[in-house]
Amino acid sequence: MEKQHLIALDLDGTLLTDNKEISLRNQEAIKKVLEEGHIVVIATGRPHRASIDYYHTLGLKTPMVNFNGALVHHPTDKKWDVLHNPMPVRTAHGIVDACYDLNVNNIVAEVMDNVYLDQYDEKIINIFHSSRQDSPFTIGSLKNKLREDPTSVLIHPKEENINEIRRHLNDYHAELIEHRKWGAPWNIIEIVKKGLNKAVGLQKIAHYYHIPKERIIAFGDEDNDLEMIDYAGVGVAMGNAITELKSVAKHVTDDNENDGIGTFLDDYLKLSSSGIKSPKLTNL
């Protein structure tokens, strides 16, 4: 076989189709990759509870990067050294104050798998229930309810305020936090502690498995994938990725609706030549 590679998969817009499913072609390729002894990990901005079903669908038994690197843990090995880096609650409260002044739609704070929602909002609740129906929710003013250091803070701004909010975060909180914007359809600004990104989590996992950078393959599509794609020896941007990501990637594959991951892995790791059938999914 090829030398052992570490393969990092972003979820939304990358591994998942727009319907939030893993295509048959991608599942087949990942199954073959695992059979050949390669290591596959999920690296996502999502929390654990909204990624664990995909982890099990792929049959993974590896660590996982959640919250864009603010949490690196091993879902099936409790002895694995968890890395959890929340932001100080005082910083979070300062951001909440600014959000009140700027009249945003809503603010969410997450402490691991516990969700704090500033104002009741059915649509946002549905996002957080996308995986499991038992997410612990606390609804009410974050100034009063949030007492612990949050793993992440999400701002749902009014469209016209996005740039103003990001400017404020840069001007007043740049030394303490990182902030990213989610891709469509949700204009959400996601905030984690300074210095955290998916590359930090991937580096820890690569060190654990003794995999050198040149044998790390990473796939992504959005600005929260930039550091990871740049860090990986084989950084791969999806066909639907933002232009900035394509410019730092070593490769560009097909988009998330057309099995970009399966296509690239088949070709790069020569999976097809070792017997795997690679059926193209047809649109019925």
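Residues numbered from 1 in each chain as written. Predicted model: local features only at pLDDT ≥ 70, side-chain atom pairs only at ≥ 80, totals over all residues. Heavy atoms only, no water.

Naming follows an unreviewed UniProt entry, where the protein appears as Phosphatase of Lentibacillus amyloliquefaciens.

(A) Quick look at the overall build of the protein. The helix and strand inventory of the protein stands at eleven helices and 14 strands. Here the protein has a C-alpha radius of gyration of 19 Å; the compact-globule value for 284 residues is 19 Å, and the two agree. Seen along its three principal axes, the alpha-carbon backbone of the protein occupies a region of about 60 × 45 × 35 Å. Residue burial in the protein is summarised as follows: out of 284 residues, 54% are buried. As displayed, the protein offers around 13000 Å² of accessible surface, 48% of which is attributable to carbon and sulfur atoms. Separation of charge centres in the protein, based on 32 positive and 42 negative side chains, amounts to 4 Å. (Helix = DSSP H or I, 4+ residues; strand = E, 2+ residues; numbered from the N terminus. Rg over C-alpha atoms; globule rule 2.2 N^0.38 Å. Buried < 20%, exposed > 50% of the residue type's maximum accessible area, 1.4 Å probe, protein only. Areas by Shrake-Rupley, 256 points an atom, 1.4 Å probe, with all protein chains shown as cover. Lys, Arg positive; Asp, Glu negative; His and termini not counted. Charge placed at Lys NZ, Arg CZ, Asp CG, Glu CD.)

(B) Structural detail: the pattern of salt bridges. Overall, the coordinates contain ten salt bridges when judged by the stated rule. The salt bridge partner of Lys198 is Asp10, with a shortest N-O separation of 2.9 Å. Taken together, the residues Lys198 in helix H8 (residues 198-209) and Asp10 in the loop between strand S1 (6-9) and helix H1 (11-15) connect sequence positions 188 residues apart. Accessibility assignment for this pair places Lys198 and Asp10 in one class, buried. (Salt bridge = Lys/Arg side-chain N within 4 Å of Asp/Glu carboxyl O.)

(C) Examining the sheet that holds strand S9 (residues 152-156) more closely. As summarised here, the arrangement of the six strands in space is S8-S7-S6-S9-S11-S10, forming an open sheet in which the pairing is mixed. Of all strands in the sheet, those with a lone pairing partner are strand S8 (137-139) and strand S10 (177-181), marking the two edges. Pairs of neighbouring strands in the sheet enclose a mean axial angle of 20°, with direction left out of account. Bridge count for S10 against strand S11 (residues 189-193) is five bridges, and the pairing is antiparallel. Of the residues in S11, the one forming a bridge with Ile177 is Lys193. (Pairing = 2+ DSSP bridges. Axes fitted to C-alpha atoms, helices over the stretch in contact; angles between N-to-C directions.)

(D) A look at the domain arrangement of the protein. For the protein, the assigned domains are domain 1 (6-84 + 196-269) and domain 2 (89-192). Here domain 1 and domain 2 have C-alpha centroids that lie 25 Å from each other. Domain 1 puts 19 residues into the contact, and the matching count from domain 2 is 18 residues. Taking both sides of the interface into account, the surface hidden between domain 1 and domain 2 amounts to around 1600 Å²; carbon and sulfur atoms contribute 46%. Here Arg49 makes a salt bridge to Glu110, at a shortest N to O gap of 2.9 Å. Connecting domain 1 to domain 2 are seven residue pairs in polar contact (both at pLDDT 80 or more). In terms of residue class, the side of domain 1 that touches domain 2 is built from seven nonpolar, six polar and six charged. (Domains from an automatic or database assignment. Contact = heavy atoms within 4.5 Å. Buried area = accessible area lost by both parts, 1.4 Å probe. Polar contact = N/O pair within 3.5 Å; in protein donor to acceptor, adjacent residues only side chain to side chain. Nonpolar A, V, L, I, M, F, W, Y, C, P; charged D, E, K, R; others polar.)

(E) Expanded view of unusual backbone geometry. The backbone phi angle of Asn103 is positive, close to 55°, even though this residue is not glycine. With a phi close to 55°, Asp259 is a non-glycine residue in the positive phi region. Secondary-structure assignment places Asp259 in the loop between strand S14 (251-252) and helix H11 (260-268). According to the relative accessible area criterion, Asp259 is buried, its value standing at 3%.

(F) Region of the structure containing the packing of aromatic side chains. Tallied over the entire structure, the rule returns four aromatic pairs. Where Trp80 meets Tyr208, the ring centres are 5.5 Å apart and the plane angle is 80°; that geometry is what we call edge-to-face. Here Trp80 is found in the loop between strand S4 (71-73) and strand S5 (83-84), whereas its partner Tyr208 is found in helix H8, with 128 residues between them in sequence. Its relative accessible area of 6% is what places Trp80 among the buried residues. Between Phe264 and Tyr268, the aromatic rings sit 5.3 Å apart at their centres with planes inclined by 15°, giving stacked as the arrangement. Remark: Tyr268 and Phe264 occur in helix H11; sequence separation between them is four residues, near one turn of the helix. By relative accessible area, which is 9% here, Phe264 ends up buried. (Phe/Tyr/Trp six-rings, centres within 6.5 Å; stacked < 30°, edge-to-face > 60°.)

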